[in-house]
Amino acid sequence: MCGIIGINSSKPVSATIINSLKKLEYRGYDSAGIATLSSGLINEVKSEGRVDNLEKNSSVLNMEGTIGIGHVRWATHGLPNSINAHPHSSQNVSVVHNGIIENSTLLKKFLVGRGHKFKSQTDTEVIVHLITENLKTENIVNSIKKTLKALHGSFALGIIFKDEPDLIVGARRGSPLAVGYGPNENYLGSDSYALKSMTNKITYLNDGEFCVIKKDHIEFFNEDGTKINKKVLELSSEEEKYDKGDYKHFMAKEIEEQPVTLKNGIKEYIDNANNDINIYNIPWEKNEISSITLIGCGTAYHSCLMAKYWFEELTSLDVNVDIASEFRYRKNRFKKDSLYIFVSQSGETADTYAALDLCNKNGMKTCAVVNVIESSIARDSEFVLPIHCGTEIGVASTKAFLGQILILYILALKLGQLRGDLEKKVLSEKIKSLKELPKLVEKTLSIDSKIQNVSTTFNEAKGSMFLGRGFSYPIALEGALKLKELSYVHAEGYPAGEMKHGPLALIEEGMPVVVLAPRDNYYKKTISNMQEVIARGAKVLLITNKSSDEIVSENIWQTIEVESTNQDLLPFLLTIPLQKLAYYSALKKGFDIDKPRNLAKSVTVE
Ligand code: AGP
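Everything in this summary refers to the structure shown in the same document. For every chain, the first residue of the written sequence is number 1, and numbering continues from 1 along that sequence. In keeping with the model being predicted, local features are shown solely for residues with a pLDDT of at least 70 and side-chain atom pairs are shown and tallied solely at 80 or more, while totals for entire chains, interfaces and linings include all residues. Side-chain figures throughout are based on the complete set of non-hydrogen atoms in the structure, without hydrogens or water.

## Brief notes about the site of the ligand
Okay, step 1: What makes a residue near a molecule or strand is one non-hydrogen atom of that residue sitting within 4 Å of it. Among the 14 residues in the neighbourhood of the ligand, the closest are listed as Ser344, Gln345, Thr349, Val395 and Glu485.
Okay, step 2: Contact between the ligand and Ser344: an oxygen atom at 2.7 Å from a side-chain N or O atom of the residue.
Okay, step 3: N or O atoms closer than or at 3.5 Å make up a polar contact, with two conditions inside protein: a donor-capable atom paired with an acceptor-capable one, and, for residues adjacent in sequence, both atoms drawn from side chains. Separating a nitrogen atom of the ligand from a backbone N or O atom of Val395 is a distance of 2.6 Å.
Okay, step 4: The set of elements that each furnish at least two residues to the shell around the ligand consists of helix H10 (298–314) and helix H17 (473–487). Numbering of helices and strands starts at the N terminus; helices are DSSP runs of H or I of at least 4 residues and strands are runs of E of at least 2.

## Some points on the packing of aromatic side chains
Okay, step 1: Here the aromatic set is Phe, Tyr and Trp, taking the six-membered ring for Trp, and pairing holds for ring centres within 6.5 Å; pairs whose planes are under 30 degrees apart are stacked, those over 60 apart are edge-to-face, and all others are tilted. Within the structure shown, the criterion is met by 13 aromatic pairs.
Okay, step 2: Geometrically, the ring pair formed by Tyr488 and Phe591 is stacked, given 4.4 Å between the ring centres and 15 degrees between the ring planes. Note that Tyr488 is positioned in the loop between H17 and strand E24 (490–495) and Phe591 in the segment after helix H19 (570–589), a separation of 103 residues in sequence.
Okay, step 3: Judged by relative accessible area, Tyr488 falls into the partly exposed class, the value being 22%.
Okay, step 4: With a relative accessible area of 26%, Phe591 lands in the partly exposed category. Exposure classes here rest on a 1.4 Å probe applied to the protein chains alone. A residue is buried below 20% of its type maximum, exposed above 50%, and partly exposed in between.

## So, the sheet that holds strand E21 (residues 365–370)
Okay, step 1: Within the open sheet, the 5 strands sit side by side as E19-E18-E20-E21-E22. Their pairing is parallel. The sheet is open, and its two edges are formed by strand E19 (318–323) and strand E22 (383–386), each paired on a single side. With direction set aside, neighbouring strand axes in the sheet form an average angle of 20 degrees.
Okay, step 2: A strand pair is defined by DSSP finding two or more bridges across the two strands. Bridge count for strand E18 (residues 291–296) against strand E20 (residues 338–344) is 5 bridges, and the pairing is parallel. Directly across from Thr293, in E20, lies its bridge partner Tyr340.
Okay, step 3: For this analysis, residues touch if any pair of their heavy atoms sits within 4.5 Å. Convention adopted: a line fitted to C-alpha atoms gives each axis, helices being fitted over their contacting stretch, and angles between N-to-C directions are expressed from 0 to 180 degrees. Packed onto the sheet, helix H12 (residues 350–361) meets E18, E20 and E21 and runs at close to 160 degrees relative to E20.

## Some remarks on the side chain of Asp271
Okay, step 1: On the secondary structure map, Asp271 appears in strand E16 (residues 270–271).
Okay, step 2: In this structure Asp271 is buried but unpaired, with Lys435 as the nearest side chain of opposite charge at 7.7 Å.
Okay, step 3: Within polar-contact distance, the side chain of Asp271 engages the backbone nitrogen of Ala273 at 3.2 Å.
Okay, step 4: Leaving out residues up to four positions away in the same chain, Asp271 has contacts with Asp276, Ile277 and Asn278. Counted as positive: Lys and Arg. Counted as negative: Asp and Glu, with His and the chain ends omitted from the count. We count a salt bridge whenever a side-chain nitrogen from Lys or Arg sits within 4 Å of a carboxyl oxygen from Asp or Glu.

## A closer look at the state of the cysteines
Okay, step 1: By disulfide we mean two sulfur atoms from cysteines, separated by a distance within 2.5 Å. Counted under the stated rule, the structure contains 0 disulfides.
Okay, step 2: Here Cys367 is not cross-linked by a disulfide; its sulfur's nearest cysteine counterpart is in Cys304, at 11 Å.
Okay, step 3: Overall, the relative accessible area of 1% leaves Cys367 in the buried class.
Okay, step 4: Cysteine Cys389 remains unbridged, with the sulfur of Cys304 as its closest cysteine sulfur at 15 Å.
Okay, step 5: The exposure class of Cys389 is buried, given its relative accessible area of 5%.

## Considering unusual backbone geometry
Okay, step 1: With an omega dihedral of 5 degrees, the bond running from His86 to Pro87 counts as a cis peptide bond.
Okay, step 2: Inspection of the secondary structure puts Pro87 in the loop between strand E4 (67–73) and strand E5 (88–89).
Okay, step 3: For His388, which is not glycine, the phi torsion reads 55 degrees and is therefore positive.
Okay, step 4: By the element assignment, His388 lies in the loop between E22 and helix H14 (399–418).
Okay, step 5: Take His388: its relative accessible area is 29%, and that puts it in the partly exposed class.
Okay, step 6: Its identity as a non-glycine residue notwithstanding, Tyr488 has a phi of 55 degrees, on the positive side.

Here it is as structure tokens:
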């Protein structure tokens, strides 16, 4: 998941490229680089680490050239250092790449045999030398066509040429790529987010397509080099404030924004006047769907798992969930009455997109629950339910998770209503409770000091467990993931009822264990599981909801009580303390909360 930017202009481009790369750092921040064309030469500057390091490099400050490409890297092949940073250049060609070239070893052998000298450990460098090799006998379009045909794997490319000082080439297969139209200049970018600060006129490339970007026009080609026409989209031009405001981190801001996220979603999908649901134009009749499969990665997968419990509770549908990277290679039995729902904040996750592509190729019904409505997953799904939570910058997903499970819950209510599985009275009750949720989340967000105090224990422990049953189990998984990805400590989410089948052996004196035990149908069973770990020395952080009933148990290390609501909605409230626990643990460790090590916001490689 790297970030690509290219600009073909009538004025110097290096400063604009650097600024655009800063907006792209959420896609990868191991290293960064820029290349421009000036006085007939390719000038390339690269640095390890953040874009700031690149900016401080004196050679960038007075970099000339009105054509340039830039890149922020998340390392797939080769160490995250300046040699492996992009762009990669020969004397005649410079390339930035997002994706993985699966036959790079073979191609490298062939090119070394043709006398090409390699400098880096990356797969990308083979593209540079292959184009250089093909340019010996072909013109630009044919050399690009021939090169792309020889590459196996995925790529989004930006390419400049020493001998073609008026153009940039872009090419896409499996990794997103867009072009933008400006005043006497045009742009190339990994996604609309990279281009939004320069233009709201965007064209997306589809897989197999490539383009030639001049400063006053852009030509598009399909993979056999035939010219094609492409639509120009006008994106909503409201420039959201991307800054952190008074918060120390984007993640802190995004946690606190969750009541607004929920309000936006409820406003969009709940008909307040009629206490009904605003999901119309579902493109299938109710008898065309008998089962649902929900697919996602990471936090989005946890949203899918959460939705499974609600779909089963509120409809008579069969419900499956799958991790996208597993689903895409499984021997799937595709049935025409199955609906496949793809959940993705970015809408660009390679595994989730590949799973969608597989379903499309098999003629399946597809629905996307996404935050970025111009994304590839949204564009290629039959039915799209945006979560409207605004830009999420923190790599650790928070408001997008609540936005996803909100829309999935509302969809479950809608399908239950359409299929006659939900009585009108019950539905109306549930909608009423739902409208109260933002306020309850607001109140739950105020639980802060106790979580700050317990976070040190989780930091100092060798590892921790997060336990839950039923509706709380997906939240236990999500809480563990947050702690792992922010504090870099072992944390495992587990079904509370499963501990006695092995993991109980992990429990030792003083080990922190989060037990999610809201007063729902699973409460008593979960309290017994809690006793089992306390009896073996665990320090239990019990998270439950406020109730007049006493908690019948001793030796609980700490208890946090969230607000009470109907049991369907308790998972929303249980999530809040877990997000804060992970945040404060990482804060105490002084880690980079918005850009945790080894991760990136949009995983656009396998
Ligand atoms: C969540 O905190 C992680 N950053 C990660 O698991 C993320 O949810 C996953 O990569 C899926 O991303 P998506 O929602 O953009 O598809």
